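# Descriptive analysis of the structure
What follows is the residue order along each chain.
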Amino acid sequence: MSHITNTKFYHQAIAKHGYTPQGLRWHSKTSQKVRFHQILSLLPSNTASIVDAGCGFGDLYHYLQQHGRRSIRYSGLDALELMVTEARNRTSQGIYQCDILTDPLLEGEFYVCSGALNILDKKESFRFIERCFHASSRGFIFNFLEGEEYSRIFNYLSVAQIEKLGKKLNARLVFKRHYYERDCTVAFYKKI
C-alpha cells in the first residue's frame, strides 16, 4: 500500500498552491522543467508518440511544444479526476483517467513519467515500471528519488534495485544523475 494516498497528497497541495507546479508537489516550475529536460534528453529524436503516466496537469505537453518536439503525439494518464480534467483543458490532447497499477493501459511508443513514483511503495513502483515498460513498443523513461532510507511519505529506490529490475525486463538502461541531489532519471529501452 502507498504511504499516503494520491488523493490526500495532491488535494492538500492544490488547495494550498492551486494548479501550479507546487500544487503537484514540485519545489518550483524550474525544478519541474529540469526533470522534464532530463526525460527529453533520453527520448530519441525520432520519437513519434509518448504516453505520460501520471500526467498531472499536462505540463510535459507544453514543455515538448516549447522545446522543439511539437511533432510528438502526446497522450496522458492520471488516476485523479481533477488532474485529468485540468490536463484536458490545458492541452486539448487525449487525457484519460487510469490507475496505472490495475487498469488496462494504452499502447504507446514510449511511456514517460515524472514524479508519479514518489509516493508509491517499492512493490507498487516496480509494478508501475513493469506495466509501463510492457505497454510501450520502445521503452519507458522516468525519474525517481534515489536512496535507500524509509520515509513515511516519499519512496526512495536505489540504482541497484533499478538495475536489477532492468535486467529482469531485459532492458538496456541509461541513467542521468547528479542534476539534483537524490534525483535520478533512467531510460529502460527495449532491445531490438
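Refer to the structure above for everything that follows.
## Quick notes on the pattern of salt bridges
Taken as a whole and judged by the stated rule, the model has six salt bridges. Residues Arg 35 and Asp 183 are paired through a salt bridge, measuring 2.9 Å at the closest nitrogen-oxygen approach. Linking Arg 35 in helix H2 (residues 29-42) with Asp 183 in strand S8 (residues 183-190), this pair joins segments that are 148 residues apart in sequence. Arg 35 gets classed as buried once you look at its relative accessible area, which sits at 8%. One salt bridge in this structure joins Glu 109 and Arg 138, with 2.6 Å as the shortest N-O distance. Of this pair, Glu 109 sits in strand S4 (residues 108-113) while Arg 138 is found in strand S5 (residues 136-146), placing the two residues 29 residues apart along the sequence. Connected through salt bridges with shared partners, the residues Asp 59, Glu 86 and Arg 90 form a single ionic network.

## Some words on the packing of H2 against helix H3 (residues 59-66)
Following both chains from N to C, one finds H2 and H3 inclined at 65°, their axes separated by 11 Å at the closest point. Relative to H3, H2 is oriented roughly perpendicular. Every pair of crossing elements has a handedness; the one defined by H2 and H3 is right-handed. Residue-level inspection shows Gln 32, Lys 33, Phe 36, His 37 and Leu 40 of H2 in contact with H3, the latter providing Asp 59, Leu 60, Tyr 63 and Leu 64. Broken down by class, the residue content of the contact of H2 with H3 amounts to five nonpolar, two polar and two charged.

Cut-offs applied
- Along every chain, residues carry numbers that run from 1 in the direction the sequence is written.
- Under the rules for a predicted model, residues below a pLDDT of 70 receive no local features and side-chain atom pairs below 80 are neither given nor counted, while totals for whole chains, interfaces and linings still include all residues.
- With hydrogens and water excluded, all non-hydrogen atoms of the structure serve as input to the side-chain values.
- Any Lys or Arg side-chain nitrogen located within 4 Å of an Asp or Glu carboxyl oxygen qualifies as a salt bridge.
- A helix here means a DSSP run of H or I that spans at least four residues, while a strand means a run of E at least two residues long, and both kinds are numbered starting from the N terminus.
- Residue exposure (1.4 Å probe, protein chains only): buried if accessible area is under 20% of the type maximum, exposed if over 50%, otherwise partly exposed.
- A fitted line through C-alpha atoms serves as each axis, taken over the contacting stretch for helices, and the angle formed by two N-to-C directions is quoted from 0 to 180°.
- In this scheme, roughly parallel covers angles under 35 degrees and roughly antiparallel covers those over 145, while 65 to 115 is roughly perpendicular and the rest are oblique.
- Note on convention: near helix rotated counterclockwise from far helix by under a right angle means a left-handed crossing. Clockwise means right-handed.
- The contact criterion used throughout is that any non-hydrogen atoms of two residues lie within 4.5 Å.
- Polar here means any residue other than Ala, Val, Leu, Ile, Met, Phe, Trp, Tyr, Cys and Pro, which are nonpolar, and Asp, Glu, Lys and Arg, which are charged; Gly is therefore polar.

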